[in-house]
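# Report on the structure
As a plain string of letters, each chain reads:
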Amino acid sequence: MFTITPISFSGIKTLPQTKKYATLPKLQYDTFQKSPSFTGKVGFESWMLRNDLTFKDIQDIISDDENIIGQGNYSTAYQIPNCEEYCLKINTYDKGDLKQADFSKAKITDTEDKSLKINIGQQVAKISIAREYLPISYEIEVLKKQKGESIGTPHPDVLVRGEYTHTLREGLASYEDYSRKEKYARTIHKVAQLPVQAYERLILEFLEAKNAGYSFDHLNSNNLLVDSENERINIVDMEHGEIGNLASLLYALTNIQYNSTFCDEWYNPVPEEQRTQAKNDTIEIIVKFMEALDELGLRYDTSKTPGDVVLGLHYNSLFAMAQNIYREKHQ
């Protein structure tokens, strides 16, 4: 039985790997691991050496939009062709400058948190490229790569250009665009179809990351990837901080703040049966999340829950319906 007491934060799509680079050979994985002492390098730098990846190759990768696998408010993520272990992230506003920057003196620093044994898309290395005439370097983050499709459309606050504007960033589809509605319906349906065990794994990984000092941006549903093939929900883009609890995780997992936009009948309306399916999928996700907590012997703790989660999730009629269904199933 779960009692909710109301109380008075960039994804990633999977691209076909068809691009060929004259400077980037097909990466070959070793059948054994050379020890760090053999190469003198560790982590991603050692991987670069073993796979003949150069800094010039990295510059070519981030100069090609076909390699983009995700974009947030300020950052853009890129795949490394033929690599399933790592990806790259840059400040979107540095993109043009990095195409022209001198990578010949680039420096790489290992930043991997060796104590963290799970993959949450965390940074493992940082590549620094000196700026001309300025003491501050450009930086390229090397992240652990995750599989799956990002869940739906992020909260409007993630999509807008700045704090005092309500228009989306240039080049983005409108918030009510039909393509966004299609993705929302498709991805939450995938999440709803996953077994309870997938939710259990997600919760355990989330709590492990949180206990290790990482925070979760509940406003950006692109930070969760649904991998139907492997029956997993994967986390990305967690950073050091103290934000986020299980309620925040459920808020992002359901992408519940987009449901009213999806069901709106004025802008690019979808058929009634699709609206009904989306509501049913949302309820199913909440029920399975509660069942996963029950299986793990965990409590749905709402303390220190952000106000937007309380209003957007706990006061939502779909949440109340899910609670009733859960109680009826587990009386």
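The present account deals with the structure reproduced in this document.

Parameters and conventions
Residues numbered from 1 in each chain as written. Predicted model: local features only at pLDDT ≥ 70, side-chain atom pairs only at ≥ 80, totals over all residues. Heavy atoms only, no water. Helix = DSSP H or I, 4+ residues; strand = E, 2+ residues; numbered from the N terminus. Buried < 20%, exposed > 50% of the residue type's maximum accessible area, 1.4 Å probe, protein only. Contact = heavy atoms within 4.5 Å. Pairing = 2+ DSSP bridges. Axes fitted to C-alpha atoms, helices over the stretch in contact; angles between N-to-C directions. Disulfide = S-S within 2.5 Å. Core = buried A, V, L, I, M, F, W, Y, C linked by side-chain atoms within 4.5 Å. Parallel < 35°, antiparallel > 145°, perpendicular 65-115°, else oblique. Left-handed = near helix turned anticlockwise from the far one by under 90°. Nonpolar A, V, L, I, M, F, W, Y, C, P; charged D, E, K, R; others polar. Salt bridge = Lys/Arg side-chain N within 4 Å of Asp/Glu carboxyl O.

Tracing the sequence through the fold places Thr 261 in helix 9 (residues 259-263). For Thr 261, a relative accessible area of 15% gives the class buried. In the structure, Thr 261 is positioned 84 residues away from Asp 177 in sequence and 9.8 Å away in space, judged by C-alpha atoms. Every residue in contact with Thr 261, bar those within four places of it in the chain, is listed here: Tyr 175, Glu 176 and Lys 181.

A sheet is described by the order of its strands in space; here three strands give the open sequence 7-9-10, paired in antiparallel fashion. The two strands at the open ends of the sheet, each matched to only one other strand, are strand 7 (149-150) and strand 10 (232-235). In this structure, strand 7 lies alongside strand 9 (residues 224-227), joined through two bridges in antiparallel fashion. Bridging from a neighbouring strand, Ser 150 pairs with Leu 225 of strand 9. Taken strand by strand, helix 7 (residues 196-211) contacts strand 9 and strand 10, and its axis lies near 20° from that of strand 10.

On to the state of the cysteines. On inspection of all chains with the given rule, the structure shows zero disulfides. Here Cys 87 is not disulfide-linked; the sulfur of Cys 83 is the nearest cysteine sulfur, at 8.5 Å.

Once that is clear, we can look at the nonpolar core. In this structure, Leu 224, Leu 249, Leu 253, Phe 289, Tyr 300 and Leu 313 are the most contacted members of the largest nonpolar core, which totals 55 residues. Considering each element in turn, this core owes the most residues, nine residues, to helix 10 (residues 272-296). Formed by 26 residues, the second largest nonpolar core is a distinct cluster that contains Ile 61, Tyr 78, Ala 125 and Tyr 138.

Let us now look at the packing of helix 7 against helix 10. Running from amino to carboxyl end, helix 7 crosses helix 10 at an angle of 65°, the nearest separation of the two axes being 8 Å. Relative to helix 10, the element helix 7 is oriented roughly perpendicular. Helix 7 and helix 10 meet at a crossing whose hand is right-handed. Of the residues in helix 10, those in contact with Val 196, Tyr 199, Glu 200, Ile 203 and Leu 204 of helix 7 are Ile 285, Lys 288, Phe 289, Glu 291, Ala 292, Leu 293, Glu 295 and Leu 296. Across the contact of helix 7 with helix 10, the residue classes break down as nine nonpolar, no polar and four charged.

Note on sheets: strands pair through backbone hydrogen bonds, and any given pair is parallel or antiparallel. What the six strands build is an open sheet, ordered 1-2-3-6-5-4; its pairing is antiparallel. Looking along the sheet, the strands with just one partner apiece sit at the ends: strand 1 (68-71) and strand 4 (107-110). Ignoring which end each strand starts from, the neighbouring axes of this sheet average 25° apart. Taken together, the five bridges between strand 2 (residues 75-79) and strand 3 (residues 86-91) define a ladder with antiparallel strand orientation. The partner of Gln 79 across the bridge, within strand 3, is Cys 87. In the packing of helix 2 (residues 43-50) onto the sheet, the strands contacted are strand 3, strand 4, strand 5 (123-129) and strand 6 (138-144), and the crossing angle to strand 4 comes to about 125°. Where helix 3 (residues 55-62) meets the sheet, its contacts fall on strand 2, strand 3, strand 4, strand 5 and strand 6, and the angle it forms with strand 3 comes to roughly 65°.

Let us look at the environment of Glu 112. Here Glu 112 is to be found in the loop between strand 4 and strand 5. With 69 residues separating them in the primary sequence, Glu 112 and Gly 43 have C-alpha atoms 7.7 Å apart. When residues no more than four places from it in sequence are discounted, the contact partners of Glu 112 are Gln 123, Val 124 and Lys 144.

Next up on the list: the pairing of strand 2. Burial within strand 2 is extensive, with five of its five residues counted as buried. Here strand 2 shows no split at all, with Ser 75, Ala 77 and Gln 79 on one side and Thr 76 and Tyr 78 on the other all buried. Of the pairings in the sheet, the one linking strand 1 to strand 2 comprises three bridges and is antiparallel in character. Residue pairing across strands places Gly 70 opposite Ala 77, the latter belonging to strand 2. Counting the residues between successive antiparallel strands, the hairpin from strand 2 to strand 3 contains six residues, one of them, Asn 82, with a positive phi of roughly 70°.

As a further point, take unusual backbone geometry. Of note in the backbone geometry, Asn 82 takes a positive phi value of approximately 70° without being a glycine. With respect to the helices and strands, Asn 82 occurs in the loop between strand 2 and strand 3. The class of Asn 82 is partly exposed, set by a relative accessible area of 28%. You will see that Asn 268, though not glycine, has its phi angle at about 45°, which is positive. Note on placement: Asn 268 falls in the loop between helix 9 and helix 10.

Within this structure, the stated rule accounts for 13 salt bridges. The shortest N-O distance in the salt bridge between Arg 275 and Glu 265 comes to 4.0 Å. Of this pair, Arg 275 sits in helix 10 while Glu 265 sits in the loop between helix 9 and helix 10, placing them 10 residues apart in sequence. The class of Glu 265 is exposed, set by a relative accessible area of 54%. Glu 291 serves as the salt-bridge partner of Lys 329, at 2.9 Å between the closest nitrogen and oxygen. Placement of Lys 329 in helix 12 (residues 317-329) and of Glu 291 in helix 10 is noted, with a sequence separation of 38 residues between them. Connected via shared salt-bridge partners are Lys 89, Glu 141 and Asp 237.

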